[in-house]
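Single-letter residue listing:
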Amino acid sequence: MRRGISVAAVVGVLALTATACGGDGGGGGSDGSKAAKDPGSVSGTVTWWDTSDATNEAPAFKKLVKDFEAKYPKIKVDYVNVPFDQAQQKFKTAASTGKGAPDVLRSDVGWTPGFAQLGYLKDLTGTPALDKTDDFLEGPLKNAAYEGKTYGVPQVTDTLGLLYNKDLFKKAGVDKPPATWQEVKDAAKKVKEKAGADGIGLSPDSYYSLPFLYGEKSDMVDAAAKKITISDAASRKGIETAVDLVKSGAAPKPAGTDGYNALKTDFKNGKLAMLIDGPWATKELFGGEAFKNKDNLGIAAVPAGSTGVAGAPVGGHNLVVYAGSGNFDASYLFTRFMTDAEHQTEISKSIGLLPTRKSAYTPEVLADPVRKSFHEALATAHPRPPIPQGGDLFTVWLQHYTRILTLKEEPQAGLDATAKEWKSALLKDYAVQE
Amino acid sequence: MVLPVVVVLAVLVGYPLGRGIYLSLTDANEANVGRTIGVNHIPSTYEFVGLDNYWKVLSGQEGHFYGRLGWTVVWTAACVFLHYAIGLGLALLLNRRMRFRALYRVLLILPWAVPAFVATFSWRLMFNEKYGVLNAMLEKLGVGAVDWLGDSTLQKMSAVAVNVWLGVPFMMVAILGGLQSIPAELHEAAEMDGASPWQRFRHVTLPGLRPVSGTVILLGTIWTFNMFQVIYLLIGQGASSESEILVTYSYRLAFQGIRDYAGSATYGILILSLLLVFAVFYRRLLARQEEAR
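Everything numeric in this text was worked out from a predicted model, so none of it was measured.

J.: Any chance you could explain the sheet that holds strand β14 (residues 431-432) of chain A here in plain terms?
T.: Remark on secondary structure: sheet strands pair via backbone hydrogen bonds, oriented parallel or antiparallel. All names here are of chain A. On the basis of which strands lie adjacent, the open sheet formed by 3 strands has the order β9-β10-β14 and mixed pairing. Edge strands, defined here as strands with exactly one partner in the open sheet, are β9 (221-222) and β14. As judged from the 2 bridges shared by β9 and strand β10 (residues 227-228), these two strands associate in the antiparallel manner. Within β10, the position partnered with Val 221 by the bridge is Ile 228.

As structure tokens, then:
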């Protein structure tokens, strides 16, 4: 209470709803021919919202920006670092009012179709921004498309893998990383008995539920058939596999709040033998007691479900161009520069992110075991459904997945409730698959 | 001379409010409100739907209103009761003559001086199931760890605890001020007449506090009813929907997914109406008590 937001809050909500209706993006209708034919003559300012981690990643990108300015002296880049967890809302607010939106945004792959549907993004198909499309990995390129048009240029990609502590495995007598969830369970039991550590960490975040769904050849939705598939028998089987890992003690019961961070802490301190996570986590893990010797971290593909198929989601980021940008030519040049193979290689070598271009996987990039393992995992990774609601599905599912995994809700009830909420709020024209 | 006031009110209050009421009568959302963004032009396709939004919410079709209203009322009642009771107790303690009285007053005002979001984040750390200080203490005592922010009942209790911590100082200061405005002669006279301490409290202190109490309880109710930060930051932005109060839900409608301007405005207007009705009845009740004396 105090210094209240009482009536002011009500009025504030109303005022916000009111202000979101204006909108007059300036912007020239250039087709980018100037950037294609005579890049040297393009001038102006490009504002870039970078959502990378401000301490670990941003310096490398800032250096690239400097290189860009050196190459195109007539273009000035206005670099702004926007925290990842605020960027989606911030961009939507700025884009819908036409005030203060950047020319180029680093957009999560899950946000891209949604922004495209709302008309905030410039279609980049055939523009100089999207250069040599054959060179892009298939998954990331699919994730940048919406209804047959390409709205983003893949900048980095990632997927999930099974990270494990080799020392603990050795102590427990587990000689190879488990390839199915059943093997995970067996390995966890041995680790508990002989090495005195917990088995596998399952994050209660809904994104981490995807390998369980993909392992049963299911998914959250079937976008082509317009069906919600999260509550069907195959999905349920996948989620029950996850619950079984918790119930059987193979996985410690995750905390309902900040559960993911607690698992990471345990894993890097050697109290947990396995963790499902992505390449972004490795930098932090190497700071921990257990991985001072980097070789101790093993990386394998996520385990397979009962179908024998293993699948992890494709994540990552695209660079997208705001439809109301006043300077498309410069934005295209900037986007292309930041995503070409040479600079992706550079970024990968300096901060370990996975490139989206095939030709950027040079022997040097692949010499690093972390990047090599995740690059291999990418081969079987699964693009997410290219629907505008993609990002929001996770928000609803998160509430139930957390409750299911902390054993506060039965899987069936949680899955049914999720399907129902999706249908009523996000996917009104979808059928619910029983 | 009244014109400037009218203009300011119209711009700051009237327009947004009117716009909100209008939006709540449409099906406007982020996707169907017309706009031109650079090269993309999206025509307006939202429609006037009359009282449809209100009907959906109030008839329970929309599905989340009554559950949240119930919890919002419980939350408000519990918080305001504890605020007032603890604030009154502390004020009575601090109103006596004692050494270091000024120091105690400063210390007790501290929670109020900490910005609500900082306090909430600190509490969130303390409540952490694995690494929080509360569970560390419980473990020392031999009691197992408690999932403070995971279980829905505990979650609600934790939120009430944090909000009480934040809100008590204000009540304490307000009531202390009220206590000091009661003329000392009244107490002396009552003592002379042989009234026991309890009788003096009931018949002198409480009636003397009535004007202050009436106002702070009304304010506290409105503030707590719309206490956004504690719920949103402590329990988080999605981990559980049962502990959401009406304002945080309205925020969710406005800012999550495809922004639902109409739905959010509907909730906003409903919250406003509920508080208006409450305030009117509450003032009337106070006035009647005043007359009865």
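J.: Even after reading the chapter, I still don't get the packing of aromatic side chains, so can you show me in this structure?
T.: How two aromatic rings sit relative to each other is given by the distance of their centres and the angle of their planes. All names here are of chain A. Here the structure, examined in full by the defined rule, presents 35 aromatic pairs over all chains. Aromatic pair Phe 68 and Tyr 72: ring centres 5.0 Å apart, planes at 45 degrees, arrangement tilted. What makes Tyr 72 buried here is its relative accessible area of 10%. Within the aromatic cluster, the residues linked to one another by ring pairs are Trp 48, Phe 61, Phe 68, Tyr 72, Tyr 79, Phe 334 and Phe 337.

J.: Could you clarify how one ought to interpret the UniProt feature "transmembrane region" (unreviewed entry) in chain B in this entry?
T.: UniProt feature "transmembrane region" (unreviewed entry): in the numbering of this structure it lies at residues 73-94, 106-127, 157-179, 216-235 and 261-282 of chain B. Along residues 216-235 of chain B, the helical share is 90% and the strand share 0%, with 27 Å between the first and last C-alpha atoms.

J.: Help me understand the sheet that holds strand β8 (residues 198-201) of chain A in this model?
T.: Residues and elements named next belong to chain A. Pairing is mixed in the open sheet, where 4 strands are placed in the order β8-β11-β7-β12. Each end of this open sheet is capped by a strand with a single partner; those strands are β8 and β12 (297-300). Shown here is a sheet whose adjacent strand axes are inclined to one another by a mean of 15 degrees, direction ignored. Packed onto the sheet, helix α11 (residues 259-268) meets β7 (161-165), β8, β11 (272-277) and β12 and runs at close to 135 degrees relative to β11.

J.: Before we go on, may I ask you to explain the domain arrangement of chain A in this structure?
T.: Quite often, the size of an interface is put as the accessible area lost when its parts meet. All names here are of chain A. We note that the domain assignment places domain 1 (7-150 + 315-378) and domain 2 (161-313 + 386-432) within chain A. Averaged C-alpha coordinates put domain 1 and domain 2 at centres separated by 29 Å. With 12 residues of domain 1 at the interface, the matching set in domain 2 holds 15 residues. Taking both partners together, domain 1 and domain 2 bury about 1,100 Å²; carbon and sulfur atoms supply 70% of that area. Taken together, domain 1 and domain 2 are joined by 0 salt bridges. Counting across the domain 1 and domain 2 interface gives 0 residue pairs in polar contact (both at pLDDT 80 or more). Listed by contribution, the elements that provide at least two residues to the side of domain 1 that touches domain 2 are α5 (112-117), β4 (145-146) and α16 (369-378). Taken together, the residues that form the side of domain 1 that touches domain 2 break down as 6 nonpolar, 6 polar and no charged.

J.: I would appreciate a short explanation of the pairing of β11(A) in the present structure.
T.: A regular strand places its side chains so that they alternate between the two faces of the sheet. Residue and element names in this part refer to chain A. Among the 6 residues of β11, 6 are classified as buried, and the element is accordingly described as predominantly covered. Here 3 bridges tie β8 to β11, and the two strands are oriented parallel to one another. Each residue of the ladder has a partner; that of Asp 198, found in β11, is Leu 272.

J.: Please explain the pattern of salt bridges as it appears in this structure.
T.: Once their charged atoms are close, side chains differing in charge can pair, the charge on each being opposite to the other. Residues and elements named next belong to chain A. According to the stated counting rule, one finds 20 salt bridges over all chains in the structure shown. Residue Asp 198 pairs with Lys 192 through a salt bridge whose shortest N-O separation is 3.9 Å. Residue classification places Asp 198 among the partly exposed residues on the basis of a relative accessible area of 23%. Among the residues examined, Lys 192 registers a relative accessible area of 40% and is labelled partly exposed.

J.: Looking at this model, I keep getting lost on the packing of helix α3 (residues 65-94) of chain B against helix α7 (residues 152-180) of chain B. Mind explaining?
T.: Angle between the axes and distance between the axes are the two parameters that describe a pair of packed helices. Residue and element names in this part refer to chain B. Interhelical geometry of α3 versus α7 gives an angle of 45 degrees and a closest axis separation of 6 Å. With respect to each other, α3 and α7 are oriented oblique. Pair α3 / α7 crosses with right-handed handedness. Residues that form the contact of α3 with α7 fall into these classes: 20 nonpolar, 4 polar and 1 charged.

J.: Quick question: what am I supposed to make of the environment of Ala91(B) here?
T.: All names here are of chain B. Counting through the fold element by element, Ala 91 comes out in helix α3. Expressed as a C-alpha distance, the spacing of Ala 91 and Gln 180, which sit 89 residues apart in the sequence, is 10.0 Å. Once you skip the residues sitting within four places of it in the chain, Ala 91 turns out to touch Met 172, Ile 175, Leu 176 and Leu 179.

Reading the values: rules and limits
Residues numbered from 1 in each chain as written. Chains lettered and ligands numbered in written order. Predicted model: local features only at pLDDT ≥ 70, side-chain atom pairs only at ≥ 80, totals over all residues. Heavy atoms only, no water. Pairing = 2+ DSSP bridges. Helix = DSSP H or I, 4+ residues; strand = E, 2+ residues; numbered from the N terminus. Phe/Tyr/Trp six-rings, centres within 6.5 Å; stacked < 30°, edge-to-face > 60°. Buried < 20%, exposed > 50% of the residue type's maximum accessible area, 1.4 Å probe, protein only. UniProt positions renumbered as here; feature names shortened; annotations may be inferred. Axes fitted to C-alpha atoms, helices over the stretch in contact; angles between N-to-C directions. Contact = heavy atoms within 4.5 Å. Domains from an automatic or database assignment. Buried area = accessible area lost by both parts, 1.4 Å probe. Salt bridge = Lys/Arg side-chain N within 4 Å of Asp/Glu carboxyl O. Polar contact = N/O pair within 3.5 Å; in protein donor to acceptor, adjacent residues only side chain to side chain. Nonpolar A, V, L, I, M, F, W, Y, C, P; charged D, E, K, R; others polar. Parallel < 35°, antiparallel > 145°, perpendicular 65-115°, else oblique. Left-handed = near helix turned anticlockwise from the far one by under 90°.

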